[in-house]
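Analysis of the macromolecular model
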2 protein chains.
Amino acid sequence: MLTLHSRRVKRILLYAAIGGVLIALLRLIEYEHFVHAYPAEMYGGLLAIFFTAVGVYVGLRWMRAKEVVVIREVRVRDDSPFAANETARKDLGITPREHEILVLIAEGLSNREIGERLFVSENTVKTHSSRLFDKMDVGRRVQAVQKGRELGLLP
Amino acid sequence: MLTLHSRRVKRILLYAAIGGVLIALLRLIEYEHFVHAYPAEMYGGLLAIFFTAVGVYVGLRWMRAKEVVVIREVRVRDDSPFAANETARKDLGITPREHEILVLIAEGLSNREIGERLFVSENTVKTHSSRLFDKMDVGRRVQAVQKGRELGLLP
DNA sequence: GCTGAAATCATCCGAACGGATGACGACAGA
DNA sequence: TCTGTCGTCATCCGTTCGGATGATTTCAGC
């Protein structure tokens, strides 16, 4: 829209400039003489130029917004890099650490392995996962993974 | 493209028609008298009309090809209905029953619940899942779900 | 009729998991 | 400074899971 608009403005300015140039030209080449020698042609020419400009303007105005928008729905495999849904996470009151544990659970790691990965004790992992399950309202890790996927918490 | 083209044709025809009508009108209302009474205004008017039309035409001609085709690529989740990958299943030697159990595991059910769902004992379910894990080369149900998804064994 | 695959059920054991609860330090915000 | 949240660790207990092993039945295919 902006492009089209500024393009029309450009065009109007162009015609104005052309008009100016023509007038200047007339001044240069014995305007007075010319006008007196061919008054009808002069007026006719000016009229022609002016109304051509008007025509252009009117025509464009009516044809404006004829930007044909084709919405082509392309089916693409949705492999957007996955930005974890922070909103959903916060809505459920899940802390970043808990979310981290959820991700590792989804990878199929045991609590022990998660603990090793994060350099914390297995007990800590269990605490986190317990609270996580509470907040997600699930009772098993597979359910957590499933629900996490639905909520956009997991890829 | 077709629309725009035929629209321009329509417009040209419209102007032609208007011109025709005007001429007819002049004929009707004492054309001769009118022309002789106001010759300059007549010519001026005709010129104005004509060049307005010319302007419209020229303007449209230059602005033509402005059928901006916006290809809006809509990202759609590729949820093809999921036909369980029989090939992968057979390649791994996974029996239909085992696959059935895999699906229920992926739903987050416990072995007991799966047994109830399938009207078999929990022990049976355990046997199936054990053999399933063997064949899938995993050691935990979450891993089985994850791998099953990769292999197209799960939605 | 024998063979093999598939499905069923069982038992035993150790590991993993889930739930409940308590405690402590760090740190942000009122 | 007090409070609340977060992250950490622990213990206890009961459940679930996974692995190993053995047994029975059914049924299709040779």
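Note that the structure is predicted; figures quoted are calculated from it, not measured.

What follows covers the environment of Phe133(B). Residues and elements named next belong to chain B. Structurally, phenylalanine 133 can be placed in helix α7 (residues 122-136). Note on phenylalanine 133: relative accessible area 14%, which makes it buried. For the pair phenylalanine 133 and isoleucine 94, spaced 39 residues apart in sequence, the C-alpha separation works out to 9.8 Å.

Here the focus is the pattern of salt bridges. Residue and element names in this part refer to chain A. Under the definition given, this model contains twelve salt bridges over all chains. Its salt-bridge partner being arginine 89, residue glutamate 86 comes within 2.7 Å of it at the nearest N-O pair. One end of the pair is glutamate 86 and the other is arginine 89, both in helix α4 (residues 86-91) and three residues apart, which spans about a single turn. The exposure class of glutamate 86 is partly exposed, given its relative accessible area of 37%. Between lysine 135 and glutamate 98 there is a salt bridge; the shortest N-O distance is 2.8 Å. With a gap of 37 residues between them, lysine 135 in helix α7 (residues 122-136) and glutamate 98 in helix α5 (residues 96-106) connect regions that are remote in the sequence.

We now examine the protein's contact with DNA strand D. Surrounding DNA strand D, one finds 20 residues, the nearest of these being Thr95(A), Arg97(A), Ser121(A), Asn123(A) and Lys126(B). Backbone sugar and phosphate groups make up 63% of those atoms of DNA strand D lying within 4 Å of the protein. Within the side chain of Thr127(A), one N or O atom sits 3.0 Å away from a base nitrogen of DNA strand D. Within the backbone of Arg141(B), a nitrogen or oxygen atom sits 2.8 Å from a phosphate oxygen of DNA strand D. Looking at the surface near DNA strand D, the elements with two or more residues in it are α5 and α7 of chain A together with α6 (111-118) and α7 of chain B.

Let us now look at the protein's contact with DNA strand C. Neighbouring residues of DNA strand C: 21 residues in total, closest Lys126(A), Thr95(B), Arg97(B), Ser121(B) and Asn123(B). Looking at DNA strand C alone, sugar and phosphate atoms form 64% of those within 4 Å of the protein. The separation between a phosphate oxygen of DNA strand C and a polar side-chain atom of Arg97(B) is 2.7 Å. At 3.2 Å from a base oxygen of DNA strand C is found a side-chain nitrogen or oxygen belonging to Arg131(B). Per-element tally for the surface near DNA strand C: the top contributor is α7(B), with six residues. For the surface near DNA strand C, the class distribution of residues is three nonpolar, ten polar and eight charged.

Conventions adopted
- Residues numbered from 1 in each chain as written.
- Chains lettered and ligands numbered in written order.
- Predicted model: local features only at pLDDT ≥ 70, side-chain atom pairs only at ≥ 80, totals over all residues.
- Heavy atoms only, no water.
- Helix = DSSP H or I, 4+ residues; strand = E, 2+ residues; numbered from the N terminus.
- Buried < 20%, exposed > 50% of the residue type's maximum accessible area, 1.4 Å probe, protein only.
- Salt bridge = Lys/Arg side-chain N within 4 Å of Asp/Glu carboxyl O.
- Near = heavy atom within 4 Å.
- Polar contact = N/O pair within 3.5 Å; in protein donor to acceptor, adjacent residues only side chain to side chain.
- Nonpolar A, V, L, I, M, F, W, Y, C, P; charged D, E, K, R; others polar.

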